Amino acid sequence: MRIVDDPKDLSAPDLCGCGFVPTMGALHEGHGSLVRRASADGRPIVVSIFVNPTQFGPSEDYARYPRTLDSDCALLEPLGVAAVFVPSVEAIYPRGLEAARTEAAATQLPEVATRPQLEDACRPTHFGGVALVVGRLFDLVRPGRAYFGEKDYQQLRLIEDMVAADRGRYGSLEIVPCPTIRERDGLAMSSRNRYLAPEHRDAALALSRALQIAHSAQRVATAERLMRDTLDAHGLETEYAVVRDARTLMPVTGFERPTRALIAVRLGSTRLIDNAQMTVWR
Ligand code: PAF
């Protein structure tokens, strides 16, 4: 496994048409499962580790986001990864960070990232930064397939639509969704879980419990009430707990389409999200 920081080294013939797993590091078993999924496809695997400044809002945790390169490499090495791409901010944003922030804010995003009033409303600059960096990483790595976790379901839908809308740029790149990996007690794995104070760890379980309880509901309104009640009972500050059309992320208008329950809460200074497929109707 080699560590690559110069984008030029990504054009090595042995990385051609690779399976690509973009990450911000602080890797855990959720990332491990993306790499294992990629490995099952038999392509050389490239993992990127880049804490992307343009997807963090001014009051968010960019500075304190965990940077753990040594343990990240230790997790990746046994998984048969060909290269870990660890670019500098200058390599990704050669025109400087201010210009990149301006570009992120002006990026034309698919509707799925601007209309639903979910993450797009709570973190207004986030998806512009995600789209900018993921497009840039795809341009540099030129993968045949890229793997994204359903844990960040709205991000996954954004990337799918972004790639589908610009085949001229992304060619035949395939986006492969991968299931959320959970701790034994149900907590969805996330790099931000390490911020959770021990007294908050139990309350954080309310997210997966809320999704589980809502799963028995047959109607959107019931599922949403059950989720809110569960989150309230654990003293969480709910930003949203909704059931939406799984493709457009807009409110459900019928019962012919798959739906997705999506939750965002605040717990102390940590923000947690989770989601699950549902079978409910309006
Ligand atoms: O999901 C993440 O870790 C990040 O948003 C991504 C896709 C690597 C872009 O920075």
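Residues numbered from 1 in each chain as written. Predicted model: local features only at pLDDT ≥ 70, side-chain atom pairs only at ≥ 80, totals over all residues. Heavy atoms only, no water.

Undergrad: So what's going on with the site of the ligand? Which residues, and what values?
TA: Around the ligand, a shell composed of Pro22, Thr23, Met24, Asn52, Gln55, Val133, Val134, Phe148, Asp152 and Gln155 is seen. Look at the ligand: alone it shows 290 Å² of surface, and the protein chains cover 88% of it. Put simply, the parts of the chain that give the shell around the ligand at least two residues each are strand E2 (19-23) and helix H6 (126-141). Taken together, the residues that form the shell around the ligand break down as five nonpolar, four polar and one charged. (Near = heavy atom within 4 Å. Areas by Shrake-Rupley, 256 points an atom, 1.4 Å probe, with all protein chains shown as cover. Helix = DSSP H or I, 4+ residues; strand = E, 2+ residues; numbered from the N terminus. Nonpolar A, V, L, I, M, F, W, Y, C, P; charged D, E, K, R; others polar.)

Undergrad: Which residues make up the packing of helix H4 (residues 97-106) against H6, and what values do they have?
TA: Where H4 meets H6, the axes come as close as 8 Å, and the angle between the chain directions of the two elements is 110°. If you check the angle between H4 and H6, you find them roughly perpendicular. Where H4 abuts H6, its residues Ala100, Glu103 and Ala104 lie against Gly128, Gly129 and Leu132. Split by residue class, the contact of H4 with H6 holds three nonpolar, two polar and one charged. (Axes fitted to C-alpha atoms, helices over the stretch in contact; angles between N-to-C directions. Parallel < 35°, antiparallel > 145°, perpendicular 65-115°, else oblique. Contact = heavy atoms within 4.5 Å.)

Undergrad: Residue-level account of the pattern of salt bridges, with values.
TA: Scanning all chains against the criterion turns up 20 salt bridges. Between Arg2 and Asp14 there is a salt bridge; the shortest N-O distance is 3.0 Å. Of this pair, Arg2 sits in strand E1 (residues 2-4) while Asp14 sits in the loop between E1 and E2, and the two are 12 residues apart along the sequence. Accessibility expressed as a relative area gives 32% for Arg2, which makes it partly exposed. Owing to a relative accessible area of 41%, Asp14 belongs among the partly exposed residues under this scheme. Of the charged contacts, one joins Arg182 and Asp274 as a salt bridge, the two residues approaching to 2.9 Å between their closest N and O atoms. Here Arg182 is found in the loop between strand E6 (174-178) and helix H9 (198-214), whereas its partner Asp274 is found in strand E9 (residues 270-278), with 92 residues between them in sequence. Looking at Asp274, the relative accessible area reads 4%, which means it is buried. (Salt bridge = Lys/Arg side-chain N within 4 Å of Asp/Glu carboxyl O. Buried < 20%, exposed > 50% of the residue type's maximum accessible area, 1.4 Å probe, protein only.)

Undergrad: Give me the lowdown on the sheet that holds E9, citing residues and values where you can.
TA: Judged by pairing direction, the sheet is antiparallel, and its three strands sit side by side in the order E7-E8-E9 without closing on themselves. Only two strands of the sheet have a single partner each, and these edge strands are strand E7 (237-245) and E9. Averaged over all adjacent pairs, the angle separating strand axes in this sheet is 10°, with direction ignored. As judged from the eight bridges shared by E7 and strand E8 (residues 259-267), these two strands associate in the antiparallel manner. Across the sheet, the residue bridging to Ala241 is Ile263, located in E8. (Pairing = 2+ DSSP bridges.)

Undergrad: Give me the pairing of E9: which residues, what numbers.
TA: Counting buried positions along E9 gives seven out of nine residues, so the element sits mostly inside the fold. Sheet analysis places E8 next to E9, joined by nine bridges and oriented antiparallel. Along E9, the bridge assignment pairs Leu267 with Thr270. If you look at the hairpin formed by E8 and E9, you'll find two residues sitting between the two strands, and Gly268 has a positive phi there, around 60°.

Undergrad: Can you lay out the environment of Asp274 for me, pointing to particular residues and giving the numbers?
TA: Spatially, the C-alpha atoms of Asp274 and Thr180 are 9.0 Å apart, while their sequence positions differ by 94 residues. What Asp274 contacts, discounting residues up to four positions off in sequence, is Arg182, Ala188, Leu207, Ser208, Leu211, Ala261, Leu262 and Ile263.

Undergrad: Mind laying out the packing of aromatic side chains, listing which residues take part and the relevant values?
TA: Under the counting rule described, the total for this entry stands at six aromatic pairs. Arranged with centres 6.2 Å apart and planes meeting at 75°, the rings of Phe20 and Phe138 form a pair that is edge-to-face. One end of the pair, Phe20, is in strand E2; the other, Phe138, is in helix H6, with 118 residues separating them in the sequence. The pair Phe20 / Phe138 is uniform in exposure class, with both members buried. Through pairs of rings, three or more aromatic residues link up here, namely Phe20, Phe138, Phe148 and Tyr170. Its guanidinium or amino end placed over the ring of Tyr195, Arg64 lies 3.9 Å from that ring's centre, counting from NZ or CZ. Here Arg67 stacks its cationic end above the ring of Tyr62, 4.8 Å away from the centre of that ring. (Phe/Tyr/Trp six-rings, centres within 6.5 Å; stacked < 30°, edge-to-face > 60°. Lys NZ or Arg CZ within 6 Å of the ring centre and 35° of its normal.)

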